Amino acid sequence: MNLERVPNEEKLTLCRKYYLGGYAFLPFLWLVNVVWFFKEAFMKPVYTEQLQIKKYVKRSALGLLLWVTVLTTWITIFQRFRAEWGEVGDYLSFTIPLGIP
Amino acid sequence: SEPPQHGPEQNGQPPAARPPRVVETEEDEEEELTLKYGAKHVIMLFVPVTLCMVVVVATIKSVSFYTQNDGQRLIYTPFPEDTDTVGQRALNSILNATIMITVIIVMTLVLVLLYKYRCYKVIQGWLFLSSLLLLFFFSYIYLNEVLKTYNLAMDYFTLAIIIWNFGVVGMMCIHWKGPLRLQQAYLIMISALMALVFIKYLPEWTAWLILAVISVYDLLAVLCPKGPLRILVETAQERNEPIFPALIYSSTMVWIVNMADTEWPPKRNSTEAAPPQQESQEVVTFPTDDGGFSSTWVNQQQHQLGPLQSTEQTRREIQELPSARPPAEDDDEERGVKLGLGDFIFYSMLVGKASATASGDWNTTLACFVAILIGLCLTLLLLAIFKKALPALPISIFFGLVFYFATDNLVQPFMDQLALHQFYI
C-alpha cells in the first residue's frame, strides 16, 4: 500500500488502527506502525492530521520499547536458568536442546 | 503474469478505436516504452522469485525435516513410491499425478462456477481460511523444525508471542492494508512455506510428473478458448470487475479505485493445504483443499482486468486518447508486473527438489535456478509482445526440468570424472 496516494484522514485512521491493534499483544504491529509512519509523522511538511499521527507513532514506539524490554528480560532469564529449573523448565520449553549444556 | 499496457484502456482486448493522431511517433514511442518497461519489470520480478528460491533451498539444505521420508503422504497422492519394481513405481507416480491434476481441474471449475454465480463471499472466506492456516500452522511447524535443527531452546510464551505476531500482521498485510514491502515479504514467505510442504510430501517421480503436467494444464487453461481460466477472465471482463486481486504478487501497489462496486480488499493468498497430521499412519488427511487451488487459481490471477499504466506519462497519454471505456475519475491505476503466487510456489518447488535430490548438488540447483530465470525472462518478453495475460509456468518449468535432468545425468558425472582425474578445463 502506497501512502503517497492516501488522503490524510485515511492515513490517520490507519495509524490509529495499527496503534490500537498493537494492544492485543502485538508489538510487531507497533513496530510496523513506527517504521511505516515515521516519515509521515516527522519528516513531512505539516498538515492537519500530522499532530495526531505523531502522537500515535510516539505511543507505539513507547509500547514497543516496553515489550522489547520485557521480552528480552524474560528470554535472558529463561535461557540462563532453564536447565536449573528442572521440571518447570521442561514444561515451559517448546524445544529442548539435546546434549549437555 | 500481466504486462504493463500502454494505449487506450483495453481490458485485454485489442485497442478499439485509435484516433488517427500522430501515429508514427506514438507507435515508436510505445514500442520503446514497452521494451523499456519490460526490462525493468523483469528485474522487478527476478528479486522476489530469487528470494523465494533462496529461502526454500536454504531451508532444504539446513533443516533435514523437509527431506526426510516419514512415510507420510498427502491424501492426493496415495500411491507409495518405494515399490519393488521400476514399472510399479512409474505406474504409481502416474496415478498420483493423475489424481492430483484431476483435483486441480475440479477445484478450478468449482472456482469458476462460484465466480460465475457471484458467490464472492464463499471465495473470500476460503482464501481467508487458507491464508490463516498457512500463516499460523505451517509457520509453527517451520519454526519448530528450525529450532530443532539449531538446537535452541524456546519457551511456549515467547513462541506464542512470535507466532501470534507473525500471523496477525501477515493476515493484516495480505487481506487488509499494510506496507507494500511487508506484504511482498509475506507473500514470498508463504509461497516458500507452501513449496516446502510440497517438497516434503510429494514423492520424487510424482513431483516431477506433476510439475510437467501442471505446466501443460496451465498452458491449456489459459490459452484455449474453453479453458476455465480463460472463461474466468472473460466473465470478469464482462462484468467490468477486476479479477480477484488475491494470490498475486505485484511489484508495485495495485490501486483499484475505479468502478468496482464490490470492494476487493487486496487479498494476497496462496493456497490452502491442510495440516499434515503427525500421525503414525501412512496416509495424511487433508481437512481442506489442496494446493492445486494455488497453481491454477493463481495462474488465473495473471489475467488482470484493465490496462496497466506504469507511469505518469503513459497515464496522461491515455487520458488524452478516447477509449472504449470511459476512464474513471480517480483512475490511479499504477501497477507493476504481476506474477501469480502459484508460479512462485512451483518454481521454488522445482529448485528445492533439485537441491534435495540431485546427485550434482549445487551444480544442478544453480542450473535449475538459471533455467527458471531464463524462462521467466522469455515469458515476460512474450508478455510485452502479446500484451495479454500469459501462463508463466510452461516455459520456465520446461527449461527447469530439461536442465535438471540434463545436468544431473550428463553434466555432473562429467564434472566428477574431471575432478577425479584432476583435469581442469
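As recorded in an unreviewed UniProt entry, chain B goes by the name Presenilin, listed as coming from Cyclopterus lumpus. Comment text from UniProt for chain B, heading Function (unreviewed entry), reads "Probable subunit of the gamma-secretase complex, an endoprotease complex that catalyzes the intramembrane cleavage of integral membrane proteins such as Notch receptors." Taken from UniProt, the Subunit (unreviewed entry) comment for chain B reads in full: "Homodimer."

Taking an unreviewed UniProt entry as the reference, chain A is identified by name as Gamma-secretase subunit PEN-2 belonging to Cyclopterus lumpus. Turning to chain A, the UniProt record has this under Subcellular location (unreviewed entry): "Golgi apparatus, Golgi stack membrane". Per UniProt, chain A has the following entry under Sequence similarities (unreviewed entry): "Belongs to the PEN-2 family."

1. Quick look at the layout of surface pockets
Residues and elements named next belong to chain B. Considered as a void within the structure, the second largest pocket measures approximately 440 Å³ in volume. Lining the second largest pocket are 22 residues; nearest its centre among them are Asn69, Lys200, Leu202, Pro203 and Glu204. Mapped onto the lining of the second largest pocket, the elements with two or more residues apiece are α5 (180-201) and α10 (341-357).

2. Digging into the UniProt feature "transmembrane region" (unreviewed entry) in chain A
All names here are of chain A. Listed under "transmembrane region" (unreviewed entry) in the UniProt record, and renumbered for this structure, are residues 20-38 and 59-77. From the first C-alpha to the last, residues 20-38 spans 17 Å; its make-up is 74% helix and 0% strand. Between the C-alpha atoms that bound residues 59-77 there is a distance of 27 Å. The span itself is 100% helix and 0% strand.

3. Observations concerning the UniProt feature "transmembrane region" (unreviewed entry) in chain B
Residues and elements named next belong to chain B. Mapped onto the present numbering, the UniProt feature "transmembrane region" (unreviewed entry) falls on residues 42-60, 94-114, 126-144, 156-174, 186-202, 208-224, 366-386 and 392-411. Taken end to end, residues 126-144 has its terminal C-alpha atoms 26 Å apart, with 100% of it in helix and 0% in strand. From the first C-alpha to the last, residues 366-386 spans 30 Å; its make-up is 100% helix and 0% strand.

4. Looking at the packing of aromatic side chains
Tallying each qualifying case throughout the model produces 21 aromatic pairs over all chains. Every member of this aromatic cluster is reached through a ring pair, and the members are Tyr18, Trp36 and Phe37 of chain A together with Trp176 of chain B. The ring of Phe65 of chain B is capped by Lys200 of chain B, whose NZ or CZ atom sits 4.2 Å from the centre of that ring. It is Lys200 of chain B that lies over the ring of Tyr201 of chain B; its NZ or CZ is 5.5 Å from the centre.

5. Here's the deal with the pattern of salt bridges
All names here are of chain A. Applying the stated rule across the entire model yields five salt bridges over all chains. The closest approach of N and O atoms between Lys11 and Glu40, which form a salt bridge, is 3.0 Å. Here Lys11, found in helix α1 (residues 8-21), pairs with Glu40, found in helix α2 (residues 27-43); they are 29 residues apart in sequence, far enough to count as distant. In this structure Lys11 comes out as buried when scored by relative accessible area, which is 6%.

What counts and how
- Residues numbered from 1 in each chain as written.
- Chains lettered and ligands numbered in written order.
- Predicted model: local features only at pLDDT ≥ 70, side-chain atom pairs only at ≥ 80, totals over all residues.
- Heavy atoms only, no water.
- UniProt positions renumbered as here; feature names shortened; annotations may be inferred.
- 1 Å grid on protein atoms, 1.4 Å probe; cavity = no way out; pocket = protein on both sides within 12 Å on 5 of 7 lines; lining within 4 Å.
- Points joined across faces, edges and corners; volume = space filled by probe spheres on them.
- Helix = DSSP H or I, 4+ residues; strand = E, 2+ residues; numbered from the N terminus.
- Phe/Tyr/Trp six-rings, centres within 6.5 Å; stacked < 30°, edge-to-face > 60°.
- Lys NZ or Arg CZ within 6 Å of the ring centre and 35° of its normal.
- Salt bridge = Lys/Arg side-chain N within 4 Å of Asp/Glu carboxyl O.
- Buried < 20%, exposed > 50% of the residue type's maximum accessible area, 1.4 Å probe, protein only.

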